[in-house]
Protein chains: 2
Amino acid sequence: MQTKERARKPAISPLRNEDYAGWYQSVVAGADLAEMAHVRGCMVIKPWGYGIWSQIQTHLDRMIRDTGHENAYFPLFIPVSYLQKEADHVKGFAKEMAVVTHHRLEERDGKLVPAAPLTEPLVVRPTSETIIGESMHQWVKSYRDLPMLLNQWANVVRWEMRPRVFLRTTEFLWQEGHTAHATSEEAFEETVKMHRVYQTFAEQWCAIPVIPGEKPPSERFPGAERSLTIEAMMQDGKALQAGTSHFLGQNFARAADISFSDRDGSVSHAWTTSWGLSTRMIGAIVMTHGDDDGLRVPPRISPEHLVIVPLERDGPDPAVTAFCEELAQRVQGKRFGPGVEVRVRIDARLHRSVDKKWQWIRRGAPLLVEVGPREVATRSLPVRVRSNVDEVRAIDADVLVEHIGDLLDEIHDAYYAEADARLDAGLRRDITDWKSFEAFFANDGAGFVVAPWCGKDECERQAAELGVTIRCIPFERGGDPGVCVICGERHGDSVIFGRSY
Amino acid sequence: MQTKERARKPAISPLRNEDYAGWYQSVVAGADLAEMAHVRGCMVIKPWGYGIWSQIQTHLDRMIRDTGHENAYFPLFIPVSYLQKEADHVKGFAKEMAVVTHHRLEERDGKLVPAAPLTEPLVVRPTSETIIGESMHQWVKSYRDLPMLLNQWANVVRWEMRPRVFLRTTEFLWQEGHTAHATSEEAFEETVKMHRVYQTFAEQWCAIPVIPGEKPPSERFPGAERSLTIEAMMQDGKALQAGTSHFLGQNFARAADISFSDRDGSVSHAWTTSWGLSTRMIGAIVMTHGDDDGLRVPPRISPEHLVIVPLERDGPDPAVTAFCEELAQRVQGKRFGPGVEVRVRIDARLHRSVDKKWQWIRRGAPLLVEVGPREVATRSLPVRVRSNVDEVRAIDADVLVEHIGDLLDEIHDAYYAEADARLDAGLRRDITDWKSFEAFFANDGAGFVVAPWCGKDECERQAAELGVTIRCIPFERGGDPGVCVICGERHGDSVIFGRSY
């Protein structure tokens, strides 16, 4: 039995199709994910948002360790001289960074002012290749020490002029993997392996289908020889780079002198990689799965799976409380998907139950059930399935306990299928010349253009004038080589063009 | 059957009784825990050290969540004006801090120099009361929003003039709890609850017995009304403050204007608490459990429990490999203590097996077994039990699989009992006047003096001249009230005096 509620006002304003950017901000706020701090460009990640990040950490960390990496922790501060060692890296990064110049505050005329200047200024890490390189220089001596497979969970800072919560913040949280290898082949294999780990994570955990591919030279990480990316398509047709994996060649190893003596006694520089995935992923989740009632959290990374709201009009009702607790206890620890444990929350806060209900809808908890005396009597529960928020299924309590995993799998699959269909529909393969290319994007064209690019900078720049970049040279979902869609003259491989976050 | 190896050279130099500070540095280095970075005062936490921190995080985080707290994340940077709001807090903290004054680096004459000065300097958080207070000011409106129970896992920075790895580093990792309550009683209850959580964690997880107590006014957290502490005794008799919990009264709530309307419509400031435990705990573990062969990790927080080193003299031996894998698989996931899963590592690195063996001894993995063709044939395994490193027990493989949990419990109990006996023996209750007090500490007296203190600052200052502080007014293991051990005149309660880290 399913019931549909009568037409009602959406919980989020503005709507997606009215003002996408405004909708995004409203969902982030309405779902209690985060808010911008008074500290310019920084964000406060609220418990529900941080709970999603913790789930991302838990599952991605396991994948990173299962592929042989170990976690470690390196300093927050990088002496400016470290950055100077790798010229290309400097060019790309040494711009907007927080610079520490003093190590004391002193009171003068009742005001706290910086004192004790540092002889060498420090930057707050924007990424850690240079500082981890300094340790690898110490630790790597022989081929026996390779591969060195490290990962770090950390905060990083890149001073943002136009911050947007989760998407572009001055401080953000991420993991950054850093590895060193004896050969170029092995290092590139590692780059690909972690790229595929990101793809698996995005698709199987976050229910976000992505296009795996390689960045064109202009979009490479500063100092990298090759940069692999997973590109997701948001609901407005724009691209979001959700995780990158870089083959650094020997560039950073030369700069930091990471060298090893091989079996034959010869000494060579190591080959290194780096790869990262950040709190930006939460922005991708919002813009992939959110609807006009708020967020819909993919079950496998949801902090809670079933939220039970007791309906206790005149204070606590022992029968309702007992029923909720028994239900929670029976459901807790059941498993779904690739072994995820079901988490249950009974929301017994003092707020009005209708407010609590809508809060959990906006937050996007996968399953929500309100339990009052009638539900206790009939044991038939009105289960609200967040994938289709106005659908309330009447499910017998025992059946819910037995099948909660199936329900959660169903929601995951629905989210993935919806996003996958949108991605496929948004891949425009019918745009084959500059005129239609220009017309498509000039009209705020929503989607990715899959078309050949000759490889020349000048064509890339021509697209850039429309605010369009080459998102990647795709490994999947690409097209055939052919005549460049921009110059219409030279041949090249198929690439993905799009506007991006 | 047990065998003892012949007398040998200890793995750590200098020995504990030769040079305790040097021994500490050697254990931290020899156990691959961490090293000081080239960035002044900062440390690099290596995989084994970070593995211990991850275990601390996992188990302490569960205890924090089980007591109703939620994790969140607040900005790294604090505007100087926030600090200025709470005068006492400023006095205590606004000294040695990293100050960000610019947000850009620019190249001038081939050198990167700070550019783009900030209108208001930012400090890198030394602790987050002021910045979290800013959010609580926004979030707390009504009594229904209380209690607000938050926790954050983060890095913090306090510029250290004399850094020592784990004990005092410019950057360190910690958790900081911050809560707001409607009443003074409830806030103080929370302060005590988390104080007891720290005691339980130290004792039951880290096998470190502690003295719970209250700090004297002079040692309170800046801005706190009461500070509770757990004090541990290191092997040299010095005290280490292992975790503190502060009752902040309404001081920070007034400074940040955290106020709420109560049931009767009246508006009041909230009552807040904060409490933290840091990577310093790893220093406490080293100095509590380390021996002259390195670290001994308490099993419940050890990254690995059983390390298997295959003895494969002429390259991989399929029978040995298969045996090791089967053993690992059978042991993995068994449980011990309060439900900790047994973790196994097969160390198949290319290094010499004798080097690997000693590395794991120095690292302090609880159980170590070397497996060669003979062990495969007899299935009798030489199990080295790290609590008594020269003891190798011959244990049948099946018996090991069956009883590995018992072995690990035995090690935990042995570590705790050893430390507990040392703490009890180190509590000097026989020092009852200033002359013997002075003589004891002047001769580098190792241990805590349990004696009455009248409560006067002047007596406290007199002790301070010997480098001795009041560690706490103990809730356990204290003594009777009586005449002050320092002035010999006024009466007071029994306190713990000691030198400290």
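Let me begin by describing the structure that accompanies this report. Please read these numbers as outputs of a predicted model, since none were measured by experiment. (Residues numbered from 1 in each chain as written. Chains lettered and ligands numbered in written order. Predicted model: local features only at pLDDT ≥ 70, side-chain atom pairs only at ≥ 80, totals over all residues. Heavy atoms only, no water.)

**Some thoughts on the overall build of chain A**
Next, step 1: Of the regular secondary structure elements, chain A holds 14 helices and 28 strands.
Next, step 2: Computed over C-alpha atoms, the radius of gyration of chain A comes to 25 Å, within 12% of the 23 Å expected from 2.2 N^0.38 for 501 residues, which places it in the range of a compact globule.
Next, step 3: Its C-alpha atoms put chain A at 80 × 60 × 60 Å along the principal axes.
Next, step 4: Burial analysis of chain A (501 residues in total) assigns 60% to the buried set.
Next, step 5: Restricting to contacts in chain A with at least 6 residues of sequence separation, those with at least 24 account for 70%.
Next, step 6: Working note: accessible area of chain A is about 19100 Å², and carbon and sulfur atoms make up 47% of it. (Helix = DSSP H or I, 4+ residues; strand = E, 2+ residues; numbered from the N terminus. Rg over C-alpha atoms; globule rule 2.2 N^0.38 Å. Buried < 20%, exposed > 50% of the residue type's maximum accessible area, 1.4 Å probe, protein only. Contact = heavy atoms within 4.5 Å. Areas by Shrake-Rupley, 256 points an atom, 1.4 Å probe, with all protein chains shown as cover.)

**Focus on the pattern of salt bridges**
Residue and element names in this part refer to chain B.
Next, step 1: Summed over all chains, the structure comprises 68 salt bridges over all chains.
Next, step 2: Across the pair E341 and R335 runs a salt bridge whose closest N-O atoms are separated by 3.1 Å.
Next, step 3: Residue E341 is classed as partly exposed on the basis of its relative accessible area, which comes to 39%. (Salt bridge = Lys/Arg side-chain N within 4 Å of Asp/Glu carboxyl O.)

**Observations concerning the relation of the copies chain A and chain B**
Next, step 1: Mapping chain A onto chain B is achieved by rotating through 180 degrees and translating by 0.0 Å along the same axis, at an RMSD of 0.0 Å. Such a combination of rotation and displacement between the chain copies is what one expects of a two-fold axis. No C-alpha of chain A approaches the rotation axis more nearly than that of V100 of chain A, which lies at 2.1 Å.
Next, step 2: The share of interface residues of chain A whose copies in chain B are also at the interface is 100%, consistent with both copies meeting through the same surface. (Least-squares fit on C-alpha atoms with pLDDT ≥ 70 in both.)

**Some details on the packing of helix α2 (residues 47–66) of chain A against helix α8 (residues 280–289) of chain A**
All names here are of chain A.
Next, step 1: Between α2 and α8, the least distance of the axes is 10 Å, while the angle of their chain directions is 110 degrees. Classed by the angle they form, the pair α2 and α8 counts as roughly perpendicular. Contacts between α2 and α8 involve G49, I52, W53 and I56 on the former and, on the latter, M281, I282 and I285.
Next, step 2: Looking at side-chain class alone, the contact of α2 with α8 contains six nonpolar, one polar and no charged residues. (Axes fitted to C-alpha atoms, helices over the stretch in contact; angles between N-to-C directions. Parallel < 35°, antiparallel > 145°, perpendicular 65-115°, else oblique. Nonpolar A, V, L, I, M, F, W, Y, C, P; charged D, E, K, R; others polar.)

**Points about the sheet that holds strand β9 (residues 171–181) of chain A**
Residue and element names in this part refer to chain A.
Next, step 1: Sheet architecture is open: eleven strands sit in the order β4-β8-β9-β15-β12-β11-β10-β25-β28-β24-β23, paired in mixed fashion. Because the sheet does not close on itself, it has two edges, and the strands there are β4 (70–71) and β23 (427–428).
Next, step 2: The pairing of strand β8 (residues 148–157) with β9 spans ten bridges and is antiparallel. Bridging across to β9, V156 finds its partner in F172. (Pairing = 2+ DSSP bridges.)

**A few points about the environment of V210 of chain A**
Residues and elements named next belong to chain A.
Next, step 1: Among the structural elements, V210 can be located in the loop between α6 (184–205) and β10 (211–214).
Next, step 2: Taking the C-alpha atoms as reference, V210 lies 40 Å from S261; in sequence the two are 51 residues apart.
Next, step 3: When sequence neighbours within four positions are dropped, the list of residues in contact with V210 reads Q199, A202, E203, I230, E231, A232, L423 and R477.

**Looking at the packing of helix α1 (residues 20–30) of chain B against helix α8 (residues 280–289) of chain B**
Residue and element names in this part refer to chain B.
Next, step 1: Contact pair α1 / α8: the axes reach a minimum separation of 10 Å and the direction vectors enclose 115 degrees. In terms of their interaxial angle, α1 and α8 are classed as roughly perpendicular. By crossing handedness, the relation of α1 to α8 is classed as right-handed. In contact with Y20, W23, Y24, V27 and V28 of α1, α8 contributes G283, V286 and M287. (Left-handed = near helix turned anticlockwise from the far one by under 90°.)

**What to know about unusual backbone geometry**
Residue and element names in this part refer to chain A.
Next, step 1: That bond from S13 to P14 is cis: its omega, 0 degrees, falls within 30 degrees of zero.
Next, step 2: A positive phi angle, close to 55 degrees, is found at D32, a residue other than glycine.
Next, step 3: Looking at the element boundaries, D32 is found in the loop between α1 (20–30) and β2 (34–36).
Next, step 4: For D32, a relative accessible area of 14% corresponds to the buried category.

**So, helix α10 (residues 353–363) of chain B**
Residues and elements named next belong to chain B.
Next, step 1: K356, K357, W358, Q359, W360, I361 and R363 are the residues of α10 that are buried.
Next, step 2: Buried residues in α10 make contact with α2 (47–66), β16 (306–310), β19 (344–346), β20 (367–371) and β21 (380–385).
Next, step 3: G364 lies just past α10 and shows a positive phi near 85 degrees.

**With respect to the pairing of strand β6 (residues 99–108) of chain B**
Next, step 1: Inspection of the sheet shows strand β6 (residues 99–108) of chain A paired to β6 of chain B by three bridges, in the antiparallel sense. Looking at the pairing, H102 of chain A lines up with V99 of chain B of β6 of chain B.
Next, step 2: Pairing between β6 of chain B and strand β7 (residues 111–124) of chain B: eight bridges, direction antiparallel. When the sheet's bridge partners are listed, L105 of chain B is paired in β7 of chain B with P114 of chain B.
Next, step 3: Hairpin remark: β6 of chain B followed by β7 of chain B, antiparallel, with two residues in the connecting loop; positive phi at D109 of chain B, about 50 degrees.

**Here's the deal with the sheet that holds β6 of chain A**
Next, step 1: In spatial order, the strands read β5(A)-β7(A)-β6(A)-β6(B)-β7(B)-β5(B); together these six strands make up an open sheet with antiparallel pairing. Each having just a single partner strand, β5 (77–79) of chain A together with β5 (77–79) of chain B make up the two edges of the open sheet. Within the sheet, the average angular offset between the axes of one strand and its neighbour, ignoring direction, is 40 degrees.
Next, step 2: Note: β5 of chain A against strand β7 (residues 111–124) of chain A, three bridges, orientation antiparallel. Bridge assignment links P79 of chain A to a residue of β7 of chain A, and that residue is L122 of chain A.

**Section: the interface of chain A and chain B**
Next, step 1: Listed by partner, the interface residues are 66 residues for chain A and 66 residues for chain B.
Next, step 2: Taking both partners together, chain A and chain B bury about 5500 Å²; carbon and sulfur atoms supply 64% of that area.
Next, step 3: It is Y73, L105 and L112 of chain A that lose the most area in chain A upon contact with chain B, and together they represent 12% of the buried surface on that side.
Next, step 4: The interface formed by chain A and chain B contains four salt bridges.
Next, step 5: If you tally residues by element for the side of chain A that touches chain B, the top one is β7 of chain A, at eight residues.
Next, step 6: Split by residue class, the side of chain A that touches chain B holds 41 nonpolar, eleven polar and 14 charged. (Buried area = accessible area lost by both parts, 1.4 Å probe.)

**Re the packing of aromatic side chains**
Next, step 1: Enumeration over the complete set of coordinates arrives at 26 aromatic pairs over all chains.
Next, step 2: Ring centres 5.9 Å apart and planes at 75 degrees place the aromatic pair W53 of chain A and W153 of chain A in the edge-to-face group. Of this pair, W53 of chain A sits in helix α2 while W153 of chain A sits in strand β8, placing them 100 residues apart in sequence. Taken individually, W53 of chain A and W153 of chain A each receive the classification buried, so the pair is uniform in this respect.
Next, step 3: Ring centres 5.0 Å apart and planes at 85 degrees place the aromatic pair F437 of chain A and F497 of chain A in the edge-to-face group. Residue F437 of chain A is located in helix α13 (residues 434–442), and its partner F497 of chain A is located in strand β28 (residues 494–498); the two are separated by 60 residues in the primary sequence. The exposure classification of F437 of chain A matches that of F497 of chain A, with both residues buried.
Next, step 4: Following the ring pairs from residue to residue traces out a cluster consisting of W434, F437, F440, F441 and F497 of chain A.
Next, step 5: Sitting above the plane of the Y82 of chain B ring, K85 of chain B keeps its charged end 5.2 Å from the centroid.
Next, step 6: Its guanidinium or amino end placed over the ring of Y501 of chain B, K238 of chain B lies 4.8 Å from that ring's centre, counting from NZ or CZ. (Phe/Tyr/Trp six-rings, centres within 6.5 Å; stacked < 30°, edge-to-face > 60°. Lys NZ or Arg CZ within 6 Å of the ring centre and 35° of its normal.)

**Remarks on the state of the cysteines**
Residue and element names in this part refer to chain B.
Next, step 1: All chains considered together, the criterion is met by zero disulfides over all chains.
Next, step 2: There is no disulfide at C459, and the cysteine sulfur nearest it, in C454, is 3.6 Å away.
Next, step 3: For C459, a relative accessible area of 1% corresponds to the buried category. (Disulfide = S-S within 2.5 Å.)

**Examining the pairing of β10 of chain A**
All names here are of chain A.
Next, step 1: Burial along β10 is two-sided: I211 and G213 facing one way and P212 and E214 facing the other are all buried.
Next, step 2: Strand direction decides the pairing type here: β10 and strand β11 (residues 226–233), joined by four bridges, are antiparallel. Bridge assignment links E214 to a residue of β11, and that residue is L228.

**A short note on the side chain of Q359 of chain B**
Next, step 1: Looking at the element boundaries, Q359 of chain B is found in helix α10.
Next, step 2: Setting aside residues no more than four positions away along its own chain, Q359 of chain B makes contact with D32 and R349 of chain B.

**Side note on the environment of H305 of chain B**
All names here are of chain B.
Next, step 1: Tracing the backbone shows H305 in the loop between α8 and β16.
Next, step 2: We classify H305 as buried; its relative accessible area is 0%.
Next, step 3: As a C-alpha pair, H305 and V140 span 165 residues in sequence and 45 Å in three-dimensional space.
Next, step 4: Among all residues touching H305, those that are not within four sequence positions of it are P299, F336, V340, E341, V342, R343, P366, L367 and L408.
Next, step 5: From its side chain, H305 meets the backbone oxygen of P299 in a polar contact 2.7 Å long. (Polar contact = N/O pair within 3.5 Å; in protein donor to acceptor, adjacent residues only side chain to side chain.)

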